[in-house]
Amino acid sequence: MARVTVRVDLPTGSPDAFLTLMQSVVKKHKADGASSPLDDALVAPLAAVTATAAGQNQDAVEADAKAQASREARNVSMGLGKGQTVGTKGTGLYSVAKIRDRLLDTYEDNPEKLSEYGFEVVVGTAKSPTRAPKPGAADKA
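Rules used throughout
- Residues numbered from 1 in each chain as written.
- Predicted model: local features only at pLDDT ≥ 70, side-chain atom pairs only at ≥ 80, totals over all residues.
- Heavy atoms only, no water.
- Helix = DSSP H or I, 4+ residues; strand = E, 2+ residues; numbered from the N terminus.
- Rg over C-alpha atoms; globule rule 2.2 N^0.38 Å.
- Buried < 20%, exposed > 50% of the residue type's maximum accessible area, 1.4 Å probe, protein only.
- Contact = heavy atoms within 4.5 Å.
- Areas by Shrake-Rupley, 256 points an atom, 1.4 Å probe, with all protein chains shown as cover.
- Patch = residues over 30% accessible without salt bridge, like charges linked within 9 Å, V, L, I, M, F, W, Y side chains within 5 Å.
- Salt bridge = Lys/Arg side-chain N within 4 Å of Asp/Glu carboxyl O.
- Polar contact = N/O pair within 3.5 Å; in protein donor to acceptor, adjacent residues only side chain to side chain.
- Axes fitted to C-alpha atoms, helices over the stretch in contact; angles between N-to-C directions.
- Parallel < 35°, antiparallel > 145°, perpendicular 65-115°, else oblique.
- Left-handed = near helix turned anticlockwise from the far one by under 90°.
- Expected span 1.5 Å × (residues − 1).
- Arc of directions from axis to C-beta.

> Give me the overall build of the protein: which residues, what numbers.
Counting secondary structure elements, the protein contains 4 helices and 0 strands. Counted from the first residue to the last, the protein has its helices and strands arranged as α-α-α-α. What you see for the protein is a C-alpha radius of gyration of 33 Å, clearly larger than the 14 Å of a compact globule of 141 residues, by over 25%. Each of the three principal axes of the protein carries a C-alpha extent, and together these read 95 × 55 × 25 Å. When burial is assessed residue by residue, the protein has 10% of its 141 residues classed as buried. Relative to all contacts within the protein whose residues are 6 or more apart in sequence, the contacts with residues 24 or more apart total 18%. Within the structure as shown, the protein displays about 11900 Å² of accessible surface, and the carbon and sulfur contribution to it stands at 57%.

Written out as structure tokens, the structure reads:
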């Protein structure tokens, strides 16, 4: 006969899911009353921790929402918000691009000078474009 195995995982990877499980255990114990297989001495500490964690979880949710709003406002000021481009006046991106362009004009012969302002400058060389040979030209030669 095959051996039966049972595994009951705890959702420790998700604080929201774990808080829900804690609340569910406390609620079921209270609903069962005297017929609960759990005793109050075991569930009371969990109930206290659950009440504290629920309040802290609400604080965390509110803080996350505030942080997200602050990040979005920051991104808009910087010019990195949705739909913004280098041409969006009044943003950091607009100003920095203008400054970069001015410095490139000023230091045309030495663009590495922009690194003194904090820009990451990469100077390289590119091969000059050449015309592609005409089809069949190699056969005539």
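> Tell me what's going on with a nonpolar patch on the surface, and back it up with residues and numbers.
A contiguous nonpolar patch, built from Leu10, Leu21, Val25, Leu38 and Leu42 and spanning about 400 Å² of accessible area, is present on the exposed surface. Classification of Leu21 as partly exposed rests on a relative accessible area of 32%.

> Would you mind going over the side chain of Thr91 in detail, with residue names and values included?
Mapped onto the fold, Thr91 is located in the loop between helix 2 (40-78) and helix 3 (92-106). Given a relative accessible area of 5%, Thr91 falls into the buried group. A distance of 3.2 Å separates the side chain of Thr91 from the backbone nitrogen of Tyr94, its partner in a polar contact. Those residues in contact with Thr91, other than ones at most four positions away along the chain, are Val76, Ser77, Met78, Gly79 and Gln84.

> Describe the pattern of salt bridges, naming the residues involved and giving the relevant values.
Per the counting criterion, the structure on display carries 4 salt bridges. Between Lys28 and Asp32 there is a salt bridge whose closest N-O contact spans 2.8 Å. In this pair, Lys28 and Asp32 both sit in helix 1 (residues 15-32), 4 residues apart, roughly one turn of the helix. Overall, Asp32 belongs to the partly exposed group, its relative accessible area being 22%. For Glu116, the salt bridge identified is with Lys113, shortest N-O distance 3.5 Å. Using a relative accessible area of 58% as the deciding quantity, one classes Glu116 as exposed. Owing to a relative accessible area of 26%, Lys113 belongs among the partly exposed residues under this scheme.

> Give me the packing of helix 1 against helix 2: which residues, what numbers.
Remark: helix 1 packs on helix 2, axes separated minimally by 9 Å, with the N-to-C direction vectors making an angle of 140°. Taken together, the axis directions place helix 1 and helix 2 in an arrangement best described as oblique. As for how helix 1 packs across helix 2, the hand of that crossing is left-handed. Where helix 1 abuts helix 2, its residues Asp16, Leu19, Met22, Gln23, Val25, Val26 and His29 lie against Asp40, Val43, Leu46, Ala47, Val49, Thr50, Ala53, Ala54 and Asn57.

> Please give an account of helix 1 that cites residues and values.
Here helix 1 contains 18 residues, and its C-alpha end-to-end distance of 26 Å stays within 8% of the 26 Å for a straight helix at 1.5 Å per residue. Buried within helix 1 are the following residues: Leu19, Met22, Val26 and His29. The buried residues of helix 1 all sit within an arc of 95° when viewed along its axis, so they share a single face. Seen from the buried face of helix 1, the exposed residues on the opposite side, beyond 90 degrees, are Lys27, Lys28 and Ala31.

> An account of the environment of Leu104 is requested, with residue identities and associated values reported.
Structurally, Leu104 is set in helix 3. Remark: the alpha-carbon pair of Leu104 and Leu114, spanning 10 residues in sequence, is separated by 7.5 Å. Ignoring anything within four residues of it in the chain, the contact list for Leu104 reads Pro111 and Leu114.

Treat this as a map of the structure, not an account of what it does.
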